[in-house]
Amino acid sequence: MEPALFFFWAFAAVTVVGAVGVVVMRQPIHSALFLLMSFLGVACLYVLASAELVAAVQVLVYAGGIMILFLYTIMFVNVRRQRTERYLHLQAVPALGFGFLFLLVVGGVVVNEARSLAAKVPAADPKALATTVVDGVTVLGNTQAVGWMLYRDYFLPFEIASVFLLVAMIGAVVLGKRTMERFD
Amino acid sequence: MITLAHFVGLSFVLFTIGVVGVLVRRNLLTVLMSIELMLNAVNINLVAFSRQLGDLTGQVFTIFVIAVAAGEAAIGLAIIISLYRLKSSVNLDDAAEMKG
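Residues numbered from 1 in each chain as written. Chains lettered and ligands numbered in written order. Predicted model: local features only at pLDDT ≥ 70, side-chain atom pairs only at ≥ 80, totals over all residues. Heavy atoms only, no water.

## Digging into the overall build of chain B
Tallying secondary structure elements over chain B gives 3 helices and 0 strands in all. The helix and strand sequence of chain B, counted from the amino end, reads α-α-α. Taking 13 Å as the expected radius of gyration for a compact globule of 100 residues, we find that chain B reaches 17 Å, considerably beyond that expectation. Considering only C-alpha atoms, chain B reaches an extent of 50 × 25 × 25 Å along its principal axes. Of the contacts made within chain B by residues no fewer than 6 positions apart, 59% connect residues no fewer than 24 positions apart. Taken as a whole, chain B presents about 3,200 Å² of accessible surface, with 73% of it coming from carbon and sulfur. Charged side chains of chain B number 6 positive and 6 negative; the gap between the two group centres comes to 6 Å. (Helix = DSSP H or I, 4+ residues; strand = E, 2+ residues; numbered from the N terminus. Rg over C-alpha atoms; globule rule 2.2 N^0.38 Å. Contact = heavy atoms within 4.5 Å. Areas by Shrake-Rupley, 256 points an atom, 1.4 Å probe, with all protein chains shown as cover. Lys, Arg positive; Asp, Glu negative; His and termini not counted. Charge placed at Lys NZ, Arg CZ, Asp CG, Glu CD.)

Structure follows, in structure tokens:
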């Protein structure tokens, strides 16, 4: 087996085991740690797909930021008490059956479609993802290429995303701060 | 050689695990984590197609999706904390007032 494929399967295994752990583990803290494992596996897969900047953002934002948010929330809420409660819904069995069926039927179709598309459109040269031409000068590097695209072609979405994040931040602070009176 | 089908298949498996997680779990925190798994599956797809087509747009969109996921996690966890203050529980079944 060639090295790239070996690493793909290794990181895919890490990602899927982490994802299954999130769903299966009873304690939220264990779920959170498995989620971290899954995030890091996905970051490694991004490197294999020659998306280095996205991999770095994945580690910083997901494995860094979002993970810390989850861990703080788990510390904040009292999960010890829930140990005795049932942790699965009554619909667990039909949901598992549905998931299995979905995976087999729709997944098979989607993978077949991807295979035929890959046969029609040959894989591009990875260098195309790491070069950009600025004012007639070729600039190397995936980060530079994505950065130029982000600021040149997608400037308005970028600004909207910044406003979105500001609104989300204010909303999170307001929701977290306000003391609501109990109504039960 | 890693093909497009490898990435798409993996992303599909991850997405299905996320869907099953949302349907199966009672703990709101784990449900939110499953949603993050689904968003990750979408990101893998975008990056895989960007790699196949040699077009950076997919990677730019992945960064936007990550930004939206960060906002979603922040708001979702704030809502969970509010719910916990209100009910002293993060169980989905304890938040069923609007059940018809």
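There is more to say after this.
## A short note on the pairing of strand β1 (residues 131-134) of chain A
Of the two faces of β1(A), the one lined by A:Thr132 and A:Val134 is fully buried and the one lined by A:Thr131 and A:Val133 carries no buried residue. Following β1(A), the chain reverses through 2 residues before pairing antiparallel with strand β2 (residues 137-140) of chain A; A:Asp135 in that reversal takes a positive phi of roughly 55°. (Buried < 20%, exposed > 50% of the residue type's maximum accessible area, 1.4 Å probe, protein only. Pairing = 2+ DSSP bridges.)

## Regarding the pairing of β2(A)
For β1(A) and β2(A), the ladder comprises 4 bridges, and the chain directions are antiparallel. Bridging across to β2(A), A:Val134 finds its partner in A:Val137.

## Thoughts on the packing of helix α3 (residues 52-76) of chain A against helix α2 (residues 28-53) of chain B
For the pair α3(A) and α2(B), interaxial distance at closest approach is 12 Å and the crossing angle is 175°. When the axes of α3(A) and α2(B) are compared, the pair comes out roughly antiparallel. Residues A:Val54, A:Gln58, A:Tyr62, A:Ile66, A:Phe70, A:Thr73 and A:Ile74 of α3(A) touch α2(B), and the partners they reach there are B:Leu29, B:Leu32, B:Met33, B:Glu36, B:Leu39, B:Asn40, B:Asn43 and B:Val47. For the contact of α3(A) with α2(B), the residue count by class is 10 nonpolar, 4 polar and 1 charged. (Axes fitted to C-alpha atoms, helices over the stretch in contact; angles between N-to-C directions. Parallel < 35°, antiparallel > 145°, perpendicular 65-115°, else oblique. Nonpolar A, V, L, I, M, F, W, Y, C, P; charged D, E, K, R; others polar.)

## Quick notes on the environment of B:Phe12
Checked against the element boundaries, B:Phe12 lands in helix α1 (residues 4-24). The class for B:Phe12 is buried, based on a relative accessible area of 11%. Note: C-alpha distance between B:Phe12 and B:Leu46 (34 residues apart in sequence) is 12 Å. Apart from the residues within four sequence positions on either side, B:Phe12 is in contact with A:Phe102, A:Leu103, A:Val106, A:Gly107 and A:Val110.

## Points about the pattern of salt bridges
Inspection of every chain in the model, using the stated rule, returns 2 salt bridges over all chains. Its salt-bridge partner being A:Asp153, residue A:Arg152 comes within 3.8 Å of it at the nearest N-O pair. By relative accessible area, A:Arg152 is classed as partly exposed at 43%. Judged by relative accessible area, A:Asp153 falls into the partly exposed class, the value being 45%. Here B:Glu97 ties to B:Lys87 by a salt bridge, and the two come within 2.3 Å at their closest N and O atoms. Placement of B:Glu97 in the segment after α3 (57-87) and of B:Lys87 in helix α3 is noted, with a sequence separation of 10 residues between them. (Salt bridge = Lys/Arg side-chain N within 4 Å of Asp/Glu carboxyl O.)

## Structural notes on the packing of helix α1 (residues 3-24) of chain A against α2(B)
Closest axis-to-axis distance for the α1(A)/α2(B) pair is 9 Å, and the angle between their directions is 155°. Relative to α2(B), the element α1(A) lies roughly antiparallel. In terms of crossing hand, the pair formed by α1(A) and α2(B) is left-handed. Residue-level inspection shows A:Ala19, A:Val22 and A:Val23 of α1(A) in contact with α2(B), the latter providing B:Thr30, B:Met33, B:Ser34 and B:Leu37. (Left-handed = near helix turned anticlockwise from the far one by under 90°.)

## Some words on α2(B)
Residues and elements named next belong to chain B. For α2, which comprises 26 residues, the first-to-last C-alpha distance of 38 Å matches the rise-based estimate of 38 Å (1.5 Å per residue) to within 8%. Counting buried positions along α2 yields 19 of 26 residues, so the element is predominantly enclosed. One side-chain oxygen at the N-terminal end of α2 lies 2.9 Å from the backbone nitrogen of Leu 29; it belongs to Asn 27. Looking at the residues trailing α2, positive phi occurs at Gly 54, about 65°. (Expected span 1.5 Å × (residues − 1). Polar contact = N/O pair within 3.5 Å; in protein donor to acceptor, adjacent residues only side chain to side chain.)

Bear in mind that shape data such as this cannot, by itself, settle questions of function.
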